[in-house]
Amino acid sequence: ITFKRSQLFTYLVGFSAFLIAACAAFFSIFGLSSLFSGAFLSVVIMASSLELGKLVTASFLYRKWHSINILMRTYFLVATVTLVFITSLGIYGYLTNAYQKASIELNKQLNQVNFIEERIEDLSNDQEFLLKEMEEAINSYPDNYITAKRQVREQYTPLIQKQSQELLDLKSDLSNINLALIDTGIEVGPAIFISKLTNLPIDTIVNILILILIFVFDPLAVMLIVAYNKLILENHRGDTE
């Protein structure tokens, strides 16, 4: 039973390794092919063979580390690390390209939101200033100057009402844009909230998230391939014993 569980875990590690490697290869291959779109098919074939070669090289290094000479060992190690870097670069290109396509309308609406919010703030300050000015003008007259006070109110009230209506219209426009923003930016919704939380531009947040993702993407696939080889060798030694 213990052996079966160990073997099942080995298969699980292998499946995870190849699944992550396949996903990384997909993003990287199409990221690189977009960069060299003039030779799309050639780049796909080249990148696919290099992705497979990288996994085989990592497995070979682990299995034959002590039986190959230092020159071959060094070259294979440098080649594997370089291919991990190239894969990560392809993933970065693919994800940033996908984000840029989705963010055109998003950035347009975010700019509209910022403009309306600034306009609302300015109008609120102007309205507050008018109310304060009206109050000071009314208080400048004695209590028995009722007609003068009424004239002051009649002078300021239309201006205040006009600003109130404009504020109401702007807030209605802001609500409509926010509703449209939910549909436009649903795929980057978390990035929008993080952007507001950290007060950083959304492009910076997305770049950080992509860098974090590629830091653990392909390197994890390679390390899981090595772990898979280690488990296979251990299971093989267990069989022979």
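Here, the structure is the one placed above.
As the structure is a computational prediction, the values presented were derived from the model and not from experiment.

Novice: Help me understand helix H2 (residues 40-64) in this model?
Specialist: For an α-helix, 3.6 residues make a turn, and residues three or four places apart therefore share a direction. Taking 1.5 Å per residue as the helical rise, H2 with its 25 residues ought to reach 36 Å, and the 35 Å between its terminal C-alpha atoms agrees with that figure. Of the positions making up H2, those classed as buried are Val 43, Val 44, Ala 47, Glu 51, Lys 54, Leu 55, Thr 57, Ala 58, Ser 59 and Leu 61.

Novice: Please clarify how the nonpolar core should be interpreted in this entry.
Specialist: Soluble globular proteins: nonpolar side chains tend toward being buried together. Listed in full, the 10 residues of the largest apolar core are Ala 24, Ile 91, Leu 95, Tyr 99, Leu 110, Ile 202, Val 206, Ile 210, Ile 214 and Phe 217. Taken together, the elements giving at least two residues each to this core come down to helix H3 (70-139) and helix H6 (202-216). By size, the runner-up hydrophobic cluster in this structure holds 9 residues, among which are Val 13, Leu 55, Ala 221 and Leu 224.

Novice: Can you walk me through the environment of Ile 214 in this structure?
Specialist: Relative to the elements of secondary structure, Ile 214 occurs in helix H6. Since its relative accessible area comes to 10%, Ile 214 is described here as buried. If we ignore the near neighbours within four places in the chain, the residues touching Ile 214 are Ser 88, Ile 91, Tyr 92 and Pro 219.

Novice: Explain the packing of aromatic side chains here, please?
Specialist: Centre distance and the angle of the planes are the two values used to describe a pair of aromatic rings. Considering all chains together, one arrives at 9 aromatic pairs under this definition. Measuring from ring centre to ring centre gives 5.0 Å for Phe 27 and Tyr 94, while their planes differ by 45°; the resulting arrangement is tilted. Remark: Tyr 94 occurs in helix H3 and Phe 27 occurs in helix H1 (residues 2-35); sequence separation between them is 67 residues. Members of the aromatic cluster, joined through ring pairs, are Phe 26, Phe 27, Phe 30, Phe 40, Tyr 94 and Phe 217. Its guanidinium or amino end placed over the ring of Trp 65, Arg 73 lies 4.9 Å from that ring's centre, counting from NZ or CZ.

The rules behind the values
- Residues numbered from 1 in each chain as written.
- Predicted model: local features only at pLDDT ≥ 70, side-chain atom pairs only at ≥ 80, totals over all residues.
- Heavy atoms only, no water.
- Helix = DSSP H or I, 4+ residues; strand = E, 2+ residues; numbered from the N terminus.
- Expected span 1.5 Å × (residues − 1).
- Buried < 20%, exposed > 50% of the residue type's maximum accessible area, 1.4 Å probe, protein only.
- Core = buried A, V, L, I, M, F, W, Y, C linked by side-chain atoms within 4.5 Å.
- Contact = heavy atoms within 4.5 Å.
- Phe/Tyr/Trp six-rings, centres within 6.5 Å; stacked < 30°, edge-to-face > 60°.
- Lys NZ or Arg CZ within 6 Å of the ring centre and 35° of its normal.

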